[in-house]
Amino acid sequence: MNQKANEHFAESIPPLYQQTSQQVLENLKSSTKGLDEHQVYERLTAYGRNQFDKVKIKPAYLRFAAQFHNILIYILLGSALITLFLEHWIDALVIGAVVIANAIIGFIQEGKAEQAMNAMRQLLSHKASVIRSGERQTISAELLVPGDIVILEAGDRIPADLRLIESYSLQTQEAILTGESMPVLKQTTPLTKTAILADQSCMGFAGTLVSSGQGKGVVTATGMNSEVGKISHLLLDIEVLETPLVQQMKVFARWLTAMILTIAGLILIYGHFVLQYPFDQMFIAVVGLSVAAIPEGLPAVLTITLAIGVRKMAAQNAIVRRLPAIEAVGTIDVICTDKTGTLTSNEMMVATLRTTNHTFQVTGHGYQPDGDIVLNGVHAALQDHHSLALLVRAGCLCNDAKLSNQNGNWIVEGDPMEGALHALGLKTNLSFIEWQRTDTIPFDAGRRYMATLNHDHQHHTAIYVKGAPEQVIAMCSSQTDASGTAQALDTQFWLEQAHQIAATGQRVLALAWLPTDDSHTVLSDDELQGKLSLLGLVGLIDPPKPEAIAAVKECFEAGIQVKMITGDHGATATAIGHQIGLSNSSKVITGAELDQMDQPTLITEIERCNIFARTTPEHKLRLVTTLQSLNHRVAMTGDGVNDAPALKRAHAGIAMGKKGSDVTKESAELVLVDDNFATIVAAIRQGRTVYDNLKKVISWTLPTNAGEAMTIVVALLAGMTLPITPVQILWINLITAITLGIALAFEPTEANTMKRPPRHHKEALLDAHLTWHMVFVAVIFLSAVFGIFNYAIQAGKTIEYAQTMAMNTLVVLEIFHLFFIRNIHGTSINWQAIKGTPIIWFTVITIMLAQLAITYIPLFHSVFHTEAIQLNDGLLIIMIGVIAFAIMELEKQLRLMIRRVNRLV
C-alpha cells in the first residue's frame, strides 16, 4: 500500500474533526454522489486494499530448529550423546524425549503476535454499503478507498475511518477502541478544539458498531492507517518481555554449564597428569560424573510444574496461553486495569431515582431483573409512591431497546441505558403489555430528547418524554408530586439534583409526561414545549462487580497496587474507584493532562495516582512502560482493542474471555473465562504457588545431584572404588529425578501466600541459601554413602553388595530429603508434613517397589550389578535416612531462629 498517500487524509491539518464535512469532501476530491469507477481504480492502486498488512511468518522448520538454541538444551544433547556412547540406551531416550518435548512446546507457543495481527483482520467488516456514481451498492469492505461514501445503519460494523456527513440519531459503540462504556451520539458539526479519540463526535472509526440510528460518512483512512490499524502497528513494534523464570533459567543454565565443564575438566587433568590414570579410563569416569551432575530431568519437571499450574488456573477460570506466564504472574506488584468490563460489568444499571419528594436507591447487578427499590434502606412499594410508579412506567414506554434472556444471560438490543430502564421495570413487576405506542419522536442530537405517545386498553393516553435533564426540564411547566398531582416546577431544585447525581459518576436522564385524551394519535414537537410535567430523574451507572471490591482489597494486602486506566470520563472513573476501594481515588489524571506531562513529571505522578481517565491506547502503553521503568512488574487487564498494545507490553497481559475482543485475547498471556477481576487475584495466588513449587523442585534436585556427583569426585580423587557405579547412578536419576520432582509440583498453596509481598523479579533461583543447602546436603549424602559402603566392606561383603547398599542409601536419603523440602520455611515435624499428599506417597511407594525389584529380583542383578541385602542392613539404611532428616531439620530450625532474632534486633 502507498502508505504516505493514505496518511495525507488520515493526518490532515487541521484535523478532520475540525473541518466541515464539505471541506473534507473537497479535500478528498469526492462528493455526496460518491466516486466513479475510474477514481476508485486509481485510489485502489495508489492506496491498496482496506486491510491490515500480512505478517511475515518464519518457515515452520526454522521456528522448530530455533527451539534447540539454548545452552541448557545443548547440555542435555551433550549428555544424551555421552549416555549413548556409554550404551545406556534408556537414559539416552529419556533425555532425548525431554529435549523434543521442550522443542514442541516452544514451537507451539511461537508466533502469538502474528495471531494477534490476524485477529485484527476480523474487526474490519466484510461488506460495506456505499454510494458510487450516485447509486447505492454493496461491495467488499476491502475495496473501500478514501473518498468513498459509506451508508451506516443500526447493527453495522463501521468498515473504515469516516468523517460523518449525515447523522440521524446515530450512535456507535466504541468501547473496544476507546474504553467508553456508553454509546456515543454522533453528529456532523466540526469541533472547535483539539479532542481525543473518544470525544471526536463527528468521526466514525473502523471496527466499531452502530448501535442505533442511521448516517453517512466519507472514508478518510483505510487499513493500517485507520485508528485500529495504528493499534496493529503498536502490536508489531512492541517487544514482548521475557518472564523472570525464563531469564533466571538462562543465567542458571550458563552457571551450571560453566561449573560442570570446569569441574569435569579439572578432574580429568588431575587424574591423568597427577594421579597417572590412563586417559581413556579417566575420560569414562568424568563422563559418569557429568551425567550425575547434570539434572537432565529438571527441564521436564519445570515444564510439568508449570503445566500443573495451568490446569489449576483453568479450574479457577483463568486460561494460560503462554506456559512461562503462569510464574510471571506471581511477581506482579502493579495491576493496571481497565474499568469497563473488567472492574465493571459493562452493563448499565439504574442506581438512583429522584422524584419530587424522595431519592430512591436501586439494588441489583447489570441487566439482571433481580433487585429492589429502597428508600432509607427500606423496600419502597410502588403503590405507596405514585410518582415513582409513573417514573418507572415512563422509562419503559419511552424506550426502543429490547431486553431478552439468552441462556441465563440478560442481553440488551439497542441503547444500554434504555435496556437498564427495562430491567428496572422487571424488578418492579409492573406490566406494560396493555400500553400501545401510536407515535414517536425519535431521539436527535438537536432535540436531545425522545417522546412517545401511548394508549392502554382503559382508554388512558399519555405522552412520555425522556432526555437530557436541561432539555426536558426546560420543556416542563410543572412537576408531579408523590400522589401524582401536578404542582409548580422548581427548576433550580431539579438542576441541582441532576448535578449531584452526575457528580457521583452516574449518567442522568430526566423523564416527564403529559396526560392527554384518547383521540390524540399524532405527536409534534410544538405541543410539548412548556406543557410537560416532570416525573423525576434517573441516575444510571455501569456498576463495579461485587467480587471486584473484595479482590482489590486482597491485592492491597498482598502488596499489589491497583491502577485504573480507562477511556471513560473522570467523574465516572472516580465514582467507580471510590466504590471498589482504590486508595487516593479522588485524584484523577486525564489523557489530555498526560499529553502535557514530560517523563520526569509522569514518573512522580504515576506513583501517587491510581486513576487515569480519557486515555488512548498510546496513553495506556506509556503508563505501562513508565511503571516498568520504575522496576515494577506490571499486569495489564482489558477487553477492548485499545487495551491490546499495553497487554502485549505488560509482564502479564490479562484479557476478558466473555466480552474481550479476539485481538485482546491473542495479545494476552492469560484469558479470564468469567471476566472477573477476582479471578486475577486467584491467578496471582496460583502464580506464587507455582514459583514456590518450582523453588522446592530445584531445592530438592540440585542438592541430590550434587551429592551424587560428589560421591564420584571424592572416589576418583582418593583413588577408591566407586561406591555407586555409573549405571546405578543413571538408574537413580531415571526413577527419582522426574518422579519425586513431579510430586513437589503438586504441593498445595501455603496459608500465608497472599500475605507476603511480591517477590523481587531479580530474585535468583540459586541464591546464597540454596547454595549453602546444596553444600550441606551434599556433605550429608557423601558421608552416608561412603559410610555405608565402608561398613559393608569392613563386614566382609562383596563390592556388589556394598554398592547395592550405597545405592539404596542414596535413594532413601532422597526420599527423606523430599519430605524435608516440602516445608522449607517451617517445621517438617508435624502431622500435616508427615501425612503429605496422595501424589507424594504414590511416588515414594513406586520408587520403593522399583528399588526392591532391582535389589531382590535375580533378573536385574546382572544388569545393575546388585545383590540382595539382608533385613538388618535394610533397616540400617532406613535409620540413616531418619538421622539425615533430623540433622537437616535441626539446621533449618537453628537458621530460622537466628533469622527471627535478627529481625527483633
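All values derive from a computational prediction rather than experimental measurement. (Residues numbered from 1 in each chain as written. Predicted model: local features only at pLDDT ≥ 70, side-chain atom pairs only at ≥ 80, totals over all residues. Heavy atoms only, no water.)

(A) Focus on the overall build of the chain. Of the regular secondary structure elements, the chain holds 34 helices and 28 strands. Taking all 905 residues of the chain together, 57% fall into the buried category. Considering only contacts within the chain whose residues lie at least 6 apart along the sequence, 72% involve residues at least 24 apart. Accessible surface, the chain as shown: approximately 37,200 Å² in total, 60% of it carbon and sulfur. (Helix = DSSP H or I, 4+ residues; strand = E, 2+ residues; numbered from the N terminus. Buried < 20%, exposed > 50% of the residue type's maximum accessible area, 1.4 Å probe, protein only. Contact = heavy atoms within 4.5 Å. Areas by Shrake-Rupley, 256 points an atom, 1.4 Å probe, with all protein chains shown as cover.)

(B) A look at unusual backbone geometry. The backbone phi angle of His459 is positive, close to 65°, even though this residue is not glycine. Positioned with a positive phi, Arg614 is a non-glycine residue whose angle comes to about 55°. A residue is classified by how much of its surface remains accessible, and Arg614, at 8% relative accessible area, is buried.

(C) Highlighting the sheet that holds strand β25 (residues 611-613). The mixed open sheet is built from eight strands, whose spatial order is β8-β28-β27-β26-β9-β23-β25-β24. Every interior strand has two partners, whereas the edge strands, β8 (318-320) and β24 (588-590), have only one. In this sheet, neighbouring strand axes are inclined to one another by 20° on average, regardless of whether the strands run parallel or antiparallel. In terms of strand pairing, strand β9 (residues 334-337) meets strand β26 (residues 634-638) through four bridges, oriented parallel. Bridging across to β26, Val334 finds its partner in Val634. With respect to the sheet, helix α20 (residues 570-580) is in contact with β23 (561-565), β24 and β25, its orientation differing from that of β25 by roughly 155°. (Pairing = 2+ DSSP bridges. Axes fitted to C-alpha atoms, helices over the stretch in contact; angles between N-to-C directions.)

(D) Structural view of helix α19 (residues 546-557). If you check which residues of α19 are buried, you get Ala548, Ala551, Val552 and Cys555. Down the axis of α19, the sector holding all buried residues measures 100°, keeping them to one side. Away from its buried face, by an angle of more than 90 degrees, α19 presents the exposed residues Pro546 and Lys553. If you follow the buried residues of α19, they end up packed against β9, α14 (339-343), β23, α20 and α26 (677-718). Just downstream of α19, Gly559 is the residue with a positive phi angle, here 80°. (Arc of directions from axis to C-beta.)

(E) Looking closely at the packing of α26 against helix α30 (residues 799-821). Relative to each other, α26 and α30 sit at 155°, their axes nearing to 10 Å. Classified by the angle between their axes, α26 and α30 sit roughly antiparallel to one another. Every pair of crossing elements has a handedness; the one defined by α26 and α30 is right-handed. Of α30, the residues touching α26 (which contributes Lys696, Ser699, Trp700, Pro703, Thr704 and Glu708) are Leu810, Glu814, His817, Leu818 and Ile821. The residue makeup of the contact of α26 with α30, split by class, is five nonpolar, three polar and three charged. (Parallel < 35°, antiparallel > 145°, perpendicular 65-115°, else oblique. Left-handed = near helix turned anticlockwise from the far one by under 90°. Nonpolar A, V, L, I, M, F, W, Y, C, P; charged D, E, K, R; others polar.)

(F) Expanded view of the environment of Ser629. Relative to the elements of secondary structure, Ser629 occurs in helix α23 (residues 617-629). For Ser629, a relative accessible area of 47% puts it in the partly exposed group. Each C-alpha atom of the pair Ser629 and Ile603 lies 8.8 Å from the other, and the pair is 26 residues apart in sequence. Engagement of the side chain of Ser629 in a polar contact is seen with the backbone oxygen of Thr626, the distance being 2.5 Å. (Polar contact = N/O pair within 3.5 Å; in protein donor to acceptor, adjacent residues only side chain to side chain.)

(G) Summary view of the confidence of the model for the chain. Summary statistics for the chain give a mean pLDDT of 83 and a share of 85% for residues scoring 70 or more. Overall, residues 1-5 carries pLDDT values under 50, and its contacts beyond four positions in sequence, including any with other chains, amount to eleven contacts. Low pLDDT, under 50, characterises residues 109-125; the stretch is placed with 54 contacts to residues that sit more than four places away or in other chains. (pLDDT = per-residue confidence, 0-100.)

(H) Spotlight on the pairing of strand β2 (residues 135-140). Where strand β1 (residues 127-132) lies against β2, six bridges are found, and the strand directions are antiparallel. Within β2, the position partnered with Arg132 by the bridge is Glu135. Counting the residues between successive antiparallel strands, the hairpin from β1 to β2 contains two residues, one of them, Ser133, with a positive phi of roughly 55°.

(I) Region of interest: the packing of aromatic side chains. For the structure on display, the rule yields eight aromatic pairs. Measuring from ring centre to ring centre gives 6.3 Å for Phe816 and Phe885, while their planes differ by 55°; the resulting arrangement is tilted. One end of the pair, Phe816, is in helix α30; the other, Phe885, is in helix α34 (residues 871-904), and 69 residues separate them in sequence. For the cation-ring pair, Arg759 lies above Tyr691, with the distance from its terminal atom to the ring centre recorded as 3.3 Å. The ring of Tyr801 is capped by Lys797, whose NZ or CZ atom sits 5.1 Å from the centre of that ring. (Phe/Tyr/Trp six-rings, centres within 6.5 Å; stacked < 30°, edge-to-face > 60°. Lys NZ or Arg CZ within 6 Å of the ring centre and 35° of its normal.)

(J) Molecular detail of the side chain of Asp692. As for its placement among the helices and strands, Asp692 is situated in helix α26. Those residues in contact with Asp692, other than ones at most four positions away along the chain, are Thr753 and Arg756.

(K) The environment of Pro15, seen in detail. Within the fold, Pro15 resides in the loop between α1 (3-10) and α2 (21-27). For Pro15, a relative accessible area of 28% translates into the label partly exposed. Sequence separation between Pro15 and Ala195 is 180 residues, and the spatial gap between their C-alpha atoms is 9.6 Å.

(L) Region of the structure containing the pattern of salt bridges. Overall, the coordinates contain 20 salt bridges when judged by the stated rule. One salt bridge connects Lys339 with Asp568, and the closest N-O pair in it is separated by 3.0 Å. Of the two residues, Lys339 sits in helix α14 while Asp568 sits in the loop between β23 and α20, which places them 229 residues apart along the sequence. Neither residue differs from the other here; Lys339 and Asp568 are each classed as buried. Note that Glu605 is salt-bridged to Arg608, the shortest N-O span being 2.6 Å. Placement of both Glu605 and Arg608 in helix α22 (residues 599-608) is noted, with a separation of three residues, approximately one turn of the helix. For Glu605, a relative accessible area of 13% corresponds to the buried category. With a relative accessible area of 46%, Arg608 lands in the partly exposed category. (Salt bridge = Lys/Arg side-chain N within 4 Å of Asp/Glu carboxyl O.)

(M) Structural detail: the pairing of strand β15 (residues 409-413). Of the two faces of β15, only the one carrying Trp410 and Val412 is buried; Asn409, Ile411 and Glu413 on the other face are not. In this structure, strand β14 (residues 402-406) lies alongside β15, joined through five bridges in antiparallel fashion. From the neighbouring strand, Lys402 faces β15, where its bridge partner is Glu413. Once β14 ends, the chain turns through two residues before running back antiparallel as β15, passing Asn407 with a positive phi of about 55°.

(N) Expanded view of the nonpolar core. Ile267, Trp731, Met805, Leu818 and Val844 are the most contacted members of the largest nonpolar core, which totals 69 residues. Ignoring any residue separated from it by four or fewer positions in sequence, one finds Ile267 in contact with Met282, Val286, Leu289, Val713 and Leu716. With 41 residues, the next largest nonpolar core counts Met313, Val320, Ala551 and Val552 among its residues. (Core = buried A, V, L, I, M, F, W, Y, C linked by side-chain atoms within 4.5 Å.)

(O) Spotlight on the environment of Gly204. Within the element layout of this structure, Gly204 appears in strand β6 (residues 203-204). A relative accessible area of 1% means that Gly204 is categorised as buried. Along the primary structure Gly204 and Asp161 are separated by 43 residues, whereas in three dimensions their C-alpha atoms are 5.6 Å apart. Setting aside its immediate chain neighbours within four residues, Gly204 contacts Ile158, Ala160, Asp161, Leu162 and Leu164.

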